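Spelled out from the first residue to the last, the chains are:
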Amino acid sequence: MGEIQRPGALYQQVAAEIRKAIAAGEFPPGAPLPSESQLIARYGVSRPTVRNAISALRTEGLIEVIHGKGSFVRALPAPSLVIDRSVARKAKSFVLGHAWETVEDPTVYRTEVTATTAPLLELAEGEALFGVDRLLTDPSTGTRALHRMLIPFAVAEEGEGRPLAEHPDMEPGQIYAALAAAGHSLAWTETVGARMPQPDERSALDIPEATPVVTSTRITRGTDDRPLVLEELRASGARAQFSYRITADTTRASGAARSS
């Protein structure tokens, strides 16, 4: 075929064509890519252009280069950890589906509602929050996760003895119990996404290059569907996946879990 003619650097165009061929199944996981000479002939470009394209795909984590053998489509391993995101109520306590170990003491700090968290918490920007950050590890696989809990000051002041204001670093299950004791009928909504990690996340989670972080954003809702607490769990997309138990709900199309 003739040399590619599209906007952008030529090596990026070649990388895009190879990426498309991989996505289409022409080069399945574990399979070798054509040799440099074959790629040069296929795309009508120079050797440096092909090498730059391969380098770009390697940086993305899409291929791996084995010295003396060539370039191969990376076979991504199956996630080593399934994180159960369910919540169960037993009498006055709440039990989370996955049991984590805390690597170090949680960090508690004061923060504010931002443009990102305002619509989730249904609060105005600048309102005061307690922030609690934890570094967690799964005892069976060693997979790490970052957990953040954001508690509005107004919510922390609720309940006899103001338990959340006095101890915002309680475990999530204990926080749910404190909210229920304050008179709330609890429900949870959760969204999952993926993005490339920040440098500090990559270091804390021990994430290799070109590997996304998978995120779970959970909102605990109380009486009248009011958002009470915002949680975020982040883990390596190559090592973890989230699991949910879904039950029919006649009042919620979103499949939120509600406490009994």
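Residues numbered from 1 in each chain as written. Predicted model: local features only at pLDDT ≥ 70, side-chain atom pairs only at ≥ 80, totals over all residues. Heavy atoms only, no water.

> Please explain the pattern of salt bridges as it appears in this structure.
Side chains that differ in charge, positive against negative, can pair when their charged atoms come close. Scanning all chains against the criterion turns up 15 salt bridges. In this structure, aspartate 225 and arginine 221 form a salt bridge, with 3.8 Å as the shortest nitrogen-oxygen distance. Arginine 221 sits in the buried class, given a relative accessible area of 13%. Close ionic contact of arginine 234 with glutamate 232 constitutes a salt bridge, the shortest N to O distance being 3.3 Å. The exposure class of arginine 234 is buried, given its relative accessible area of 8%. For glutamate 232, a relative accessible area of 23% translates into the label partly exposed. Linked by salt bridges that have partners in common, Arg195, Glu201, Glu232 and Arg234 make up one network. (Salt bridge = Lys/Arg side-chain N within 4 Å of Asp/Glu carboxyl O. Buried < 20%, exposed > 50% of the residue type's maximum accessible area, 1.4 Å probe, protein only.)

> Explain a negative patch on the surface to me, please; I cannot follow it from the model alone.
A grouping of Glu104, Asp105, Asp169 and Glu171 is seen on the molecular surface, where their side chains present a negatively charged patch. The topology assignment puts glutamate 104 in the loop between strand S6 (101–102) and strand S7 (107–112). Look at glutamate 104 and you get partly exposed, because its relative accessible area is 47%. (Patch = residues over 30% accessible without salt bridge, like charges linked within 9 Å, V, L, I, M, F, W, Y side chains within 5 Å. Areas by Shrake-Rupley, 256 points an atom, 1.4 Å probe, with all protein chains shown as cover. Lys, Arg positive; Asp, Glu negative; His and termini not counted. Charge placed at Lys NZ, Arg CZ, Asp CG, Glu CD. Helix = DSSP H or I, 4+ residues; strand = E, 2+ residues; numbered from the N terminus.)

> Help me understand helix H7 (residues 172–181) in this model?
Think of an α-helix as 3.6 residues a turn; residues three or four steps apart then line up on the same face. Buried residues dominate H7, accounting for eight of its ten residues. Regarding H7, the residues found buried are Pro172, Gly173, Ile175, Tyr176, Ala177, Ala178, Leu179 and Ala180. With its phi angle positive at about 110°, glycine 183 sits one or two positions after the end of H7.

> Please clarify how helix H3 (residues 47–60) should be interpreted in this entry.
Taking 1.5 Å of rise per residue, 14 residues should cover 20 Å, and H3 covers 20 Å from first to last C-alpha, within 8% of that figure. Taken together, the buried positions of H3 are occupied by Thr49, Val50, Ala53, Ile54 and Leu57. For H3, the arc enclosing every buried residue in end-on projection is 135°, short of the 170-degree limit, so these residues lie on one face. Exposed residues lying more than 90 degrees from the buried face of H3 are Pro48, Arg58 and Thr59. Where the residues of H3 are buried, they touch helix H1 (10–23), helix H2 (36–43), strand S1 (63–66) and strand S2 (70–73). Where H3 terminates, the next one or two residues include glycine 61, which has phi positive at roughly 85°. (Expected span 1.5 Å × (residues − 1). Arc of directions from axis to C-beta. Contact = heavy atoms within 4.5 Å.)

> What is the right way to read the nonpolar core from this model?
In summary, soluble globular proteins display a tendency toward joint burial of nonpolar side chains. Grouped together as the largest cluster of nonpolar side chains are 20 residues, with contacts concentrated most on Phe94, Ile151, Leu164, Ile175, Leu179, Leu186 and Val229. The element best represented in this core is H7, accounting for six residues. Counting residues in hydrophobic clusters, the runner-up holds 17 residues, among them Leu39, Ile40, Ala53 and Leu57. (Core = buried A, V, L, I, M, F, W, Y, C linked by side-chain atoms within 4.5 Å.)

In short, geometric facts, not functional conclusions.
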